[in-house]
Amino acid sequence: MKFLKSKEILIVILITLFGFLVRIAFINKVPPSLFGDEVDVGYQAYSILKTGKDYMGNFMPLHFQSLAEYRTPLYLYSAIPTVWMFGISPLGVRLPSVIFGTLTLPAIYFLTKELFKKRKVSLLALLILMITPWHIHYSRSGFEVSELMFFLTFGLLLFLKGLKKPKYLIFSSILLAFTPWIYNTAKFYLPVFLIVILVVWFKKLAKVSKKYLIASCMAFMIIETPFFFSTVFGGGEERFNLVSIFNDPEMQGNIGFSRIEESGAAKFVGVSVFQSSFVGRVFNNKFFYFLDEFSKNYIKSFSSDFMFVRGDTTPRHNVISFGEFLPIFGPFLLFGIFELMVGKYRKRLKLFLFLWLITSPIASALTRDGANHATRLILVLPSMVVFISLGVLWFLRIFSRKTTRLIGLFLMVFTLFYFVRYLNDYFFHYPFQTERLWHAGYQDAVLEAQSLSGKYKRVIFSSFDEPSLLFYLGWSNYPPSRFQSEYPNDKLDLKNYGESYKLGNFYFPPVGTGHNLYNLAPIVADGDLYITPFREIDFDLVKEPERIPRDIKLVHVSFYPSGTPAFYMFEKNNLVGQ
Amino acid sequence: MITRKNLVYPFLIIVLHQLLTVYIHVFLFPIGYLNQNLFILDLLGKSYTLSFWWIFTLDALNVVVFWLLGRELFSKYSYMPAFVYAISPWGSYSTSACSIYVLYLFVVLAFFYGLIITKKGSKKGMLIFVAAFFIGVYGSFYLFVVFPLFILGLYLADKSLRKMVGKYMLFIFLIPTSLALIVFANWHPFINILSNNVMLFSDPGLVNVVNQYRGESDVAGLHLMGRLSENRYLFSLEFLADKFLLHIMPATIFTSKEKLLGFSFTPPIFLGLIVPFFYGVWVLINTKRQLYLIPLSFLFIIPSLLSKEGISLNRFIIFLPFLVYVLSLGVAKLLENKQRWLRIVLTSTALLLIFQILVAASDVRTREFERYIRYFGQNYEIVDK
């Protein structure tokens, strides 16, 4: 109780509670719907819950086999209880993220307190993380990284505690060993991170009782060994092969083009054969290409444009026109770095924080588009928060007390202004601007199609811009055991649609297959219900119903939250000619 | 005192800078800016095009003034500002494309030099200061706005300068006042110049965005809040604030995110200097040395802020003296500091700088001209909007 009476702890609890509210408010509506990967999480958790297997039929897998790829398992397992409670819904899929996101707040507080032993730094770090758009957004969506951040910060906290009370080292190694189970980036980052903490605290670790060190290593190995084998031999490396810079499909072309430029042949139009120069070959080859891509990605990871102004430009990863941090924190990151560099802090602390900061984007820099990819770069977030907190404190410290109060007030007003502006954009505008990217409309379309399906011989669900099979499985709660037995046998060549999956009387044509509105009449046969996304038709048939050809009939329209059509359902119009 | 011995470094720096400029010019010729005229000539309906040799000479003089400024501001490392300017591609690119902003940069530098030596008691300084003020105000529409505002700011912020400026106040304000009379007599040309130069608010997208946001607020049931928070004025202010942030972002200055001359992949200042720059900012704030200069310096962003383009590096170059000052301060302090950490930083800065210069030199030789053709076709003209 004494612990709870402390004013500081009360502040921590209040900030954490507020952080929780910000992270859970309107979770069913903002982001506007579950997007493909989130539906996948929900359906995998549902499948485990019902059958003990992933929906492809693998028993308690270490990498979940999805329709598109193999996925890391821990978030999917974490979602089982919430999906059990709330079903495959935004709350069911996103609640683990909200919980881990909220728990990261006190974790960062206790971590900074352990590092600096200063109340102000830790409270400030907590407050900054609480209002950081990057963390808010990823704590509200079914991405795995919010869980990853919690495991990493809490694991590090326990490691630091473990240097004094060695039993904590075992728990720390368990948490850290689980990080690759959460998200692919951690598979590359964990070894680097372990080297960093070993380099920095080697002398202290050497003094720890061997009993605990061995136990920690054992715990680590027990968790990591099977996962390592699953990664190498069980398809877990598939995702990295897909996105890594080493498999860039543009690489050969780019190297060749650079050699042409270097040789000067580009100036001679029509030259098809050229001799690449020696210099051209020395500087334009795979090695330099990887080095160039990696260094560009790495440097861009720290770009102020990404961090404080525009953020990740993929709207599903960030609110449009907002940075990953509030822009007012930009200069403080810089001040924090120099404060730590020349300030009076322990050498070990300085070394660790700098190594932590500079190593955290490495894994992301190895991937294509990894430069400004907020999901892959989330490992940078905790160290950045620490540096920003140091910077703010330093800035407030250099002025006189009176000036500090004035500047502090000014900073608070600006921070509050930006934060309110962010929340306004996030809750009231972001859902409209990104509804299509969050695959809104699928839920209504699937449920409506399911209720209508009894009337039709065939329900054909177009996959014009997205594979619709997964959405059907997820939103209709299709029995996983049935899917496991049916998939992938029932795939047949459907006339006018190509090779399609068949589940009952539902058909799912291949991705990208679409039809023009005016070509639909001969394609939609008697007894067919054709479900098509708005983009395939590209006309607002609610406002312009006269465009619908007489041979087909619009049965139902599903809408986006903004009120624009998301899906149309057509059937053959049998009244024509009567 | 200037002796033959201490002229060796500045001379070498000028040669280095001219070599860089000529190197770029050789590969970019005949690409250049269009429609550049002095403000007063625009008002009077006359035109005069500054020829290449003028701009090249002014560019060399810029190095000299940077060196002179260095002598006043940095005792031990007086050549540092000139060196930093000399190895930065920004000035060289502007010169090679014959930008009138090289002249304006010279005027701004002379203005500061005059101000600094006047503050130290030199009467010659006041002459330089007033001459630069006169050329700036009559020569550029933006400096007509920025210079008086800057002087006003100094007057309010610096007590020692207040006395000095106060002494010559009447004389100083006679210059813009006389020009104001000319403006009044040539009102229509002035309105044309105004609308050609201030393109910021002529973006029709602004109204669309406001309407869209209001609509979204209405759908969310927040009609009143929508009217209060989503309006043209607040959006313009936010747009301006965002644009300002973009200007002071390190990526704008140290990477090729914003393109020099609208197409180049060479950064305005090499990325290798980013750490000394940050260190300079930190030192500036830590020592609380004339902190009022930071907000005042932002006045020189106005020309680029008002451009239609996101950032006009051509106009933004008049902000360069502040960047060079902070950079030089950073390098000088790094050189003075004996901490091992900072030594490592300095060494990596030097290595990165050498590497980048080599890469940029190769890129200019092999790709820059083709890049221009790819972006703009073959008319070799750049228009600053």
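Note that this is a predicted model, so its numbers are computed, not measured.

Enquirer: Help me understand the overall build of chain A in this model?
Expert: A count of helices and strands for chain A gives 26 helices and nine strands. Over its C-alpha trace chain A gives a radius of gyration of 27 Å, about what one expects of a compact globule, namely 25 Å for 578 residues. A principal-axis box enclosing the C-alpha atoms of chain A has dimensions of 90 × 75 × 55 Å. For chain A, the residues scored as buried account for 57% of the 578 residues in total. Carbon and sulfur atoms make up 64% of the accessible area of chain A, which totals about 25100 Å². Distance from the positive charge centre (60 side chains) to the negative charge centre (42 side chains) of chain A: 17 Å.

Enquirer: Is there a simple way to explain unusual backbone geometry in this structure?
Expert: The phi angle of most residues is negative, glycine excepted, and most peptide bonds adopt the trans form. The omega torsion across Val30(A) and Pro31(A) is -10 degrees, close enough to zero to call that bond cis. Along the chain, the position of Pro31(A) falls in the loop between helix H2 (7–24) and helix H3 (36–51). For the bond running from Phe29(B) to Pro30(B), omega is 10 degrees, close enough to zero to count as cis. By secondary structure assignment, the location of Pro30(B) is in the loop between helix H1 (8–28) and strand S1 (32–33). One non-glycine residue with positive phi stands out, namely Ser321(A), at about 65 degrees. Here Ser321(A) is to be found in the loop between helix H16 (304–309) and helix H17 (330–342).

Enquirer: Sorry, what's going on with the sheet that holds strand S6 (residues 506–508) of chain A here?
Expert: Paired through their backbone hydrogen bonds, the strands of a sheet run either parallel or antiparallel. All names here are of chain A. The seven strands are arranged S4-S5-S6-S3-S7-S9-S8 in an open sheet whose pairing can be described as mixed. Strand pairing shows two members of the sheet lacking a second neighbour, strand S4 (491–494) and strand S8 (552–559), which therefore form its edges. Across this sheet, the average inter-strand angle for adjacent strands is 30 degrees, counted without regard to direction. This element, helix H22 (residues 442–452), spans strand S3 (458–461), S6, strand S7 (528–533), S8 and strand S9 (565–572) of the sheet and lies at about 135 degrees to S8.

Enquirer: Would you mind going over the nonpolar core with me for this structure?
Expert: In summary, soluble globular proteins display a tendency toward joint burial of nonpolar side chains. Core analysis: the biggest nonpolar cluster contains 233 residues, and Phe116(A), Trp134(A), Phe352(A), Leu353(A), Phe150(B) and Phe300(B) have the highest contact counts within it. The element best represented in this core is helix H6 (residues 101–119) of chain B, accounting for 14 residues. Excluding residues that lie within four positions of it along the chain, Phe116(A) makes contacts with Val121(A), Leu340(A), Tyr345(A), Leu349(A), Leu353(A), Val386(A) and Leu390(A). Listed in part, the 43 residues of the second largest apolar core include Tyr55(A), Phe64(A), Leu473(A) and Ala566(A).

Enquirer: Can you walk me through helix H11 (residues 210–233) of chain A in this structure?
Expert: Helical periodicity: at 3.6 residues per turn, an α-helix aligns residues three or four positions apart in one direction. Residue and element names in this part refer to chain A. A rise of 1.5 Å per residue sets the reference length of H11, with its 24 residues, at 34 Å; its end C-alpha atoms lie 33 Å apart and thus fit the reference within 8%. In H11, a bend of some 30 degrees at glutamate 224 exceeds every other bend along the element, and proline 226, a proline, comes one to four places later. Turning to H11, its buried residues are Ser216, Ala219, Phe220, Ile223, Glu224, Phe227, Ser230 and Thr231. On the buried face of H11, the contacting elements are helix H9 (167–182) and helix H10 (184–207). Count one or two residues on from H11 and you reach glycine 235, which has phi positive near 90 degrees.

Calculation notes
- Residues numbered from 1 in each chain as written.
- Chains lettered and ligands numbered in written order.
- Predicted model: local features only at pLDDT ≥ 70, side-chain atom pairs only at ≥ 80, totals over all residues.
- Heavy atoms only, no water.
- Helix = DSSP H or I, 4+ residues; strand = E, 2+ residues; numbered from the N terminus.
- Rg over C-alpha atoms; globule rule 2.2 N^0.38 Å.
- Buried < 20%, exposed > 50% of the residue type's maximum accessible area, 1.4 Å probe, protein only.
- Areas by Shrake-Rupley, 256 points an atom, 1.4 Å probe, with all protein chains shown as cover.
- Lys, Arg positive; Asp, Glu negative; His and termini not counted.
- Charge placed at Lys NZ, Arg CZ, Asp CG, Glu CD.
- Pairing = 2+ DSSP bridges.
- Axes fitted to C-alpha atoms, helices over the stretch in contact; angles between N-to-C directions.
- Contact = heavy atoms within 4.5 Å.
- Core = buried A, V, L, I, M, F, W, Y, C linked by side-chain atoms within 4.5 Å.
- Expected span 1.5 Å × (residues − 1).
- Bend = angle between axes of the 7 residues up to and from the residue.

That's the geometry; what it means functionally is another story.
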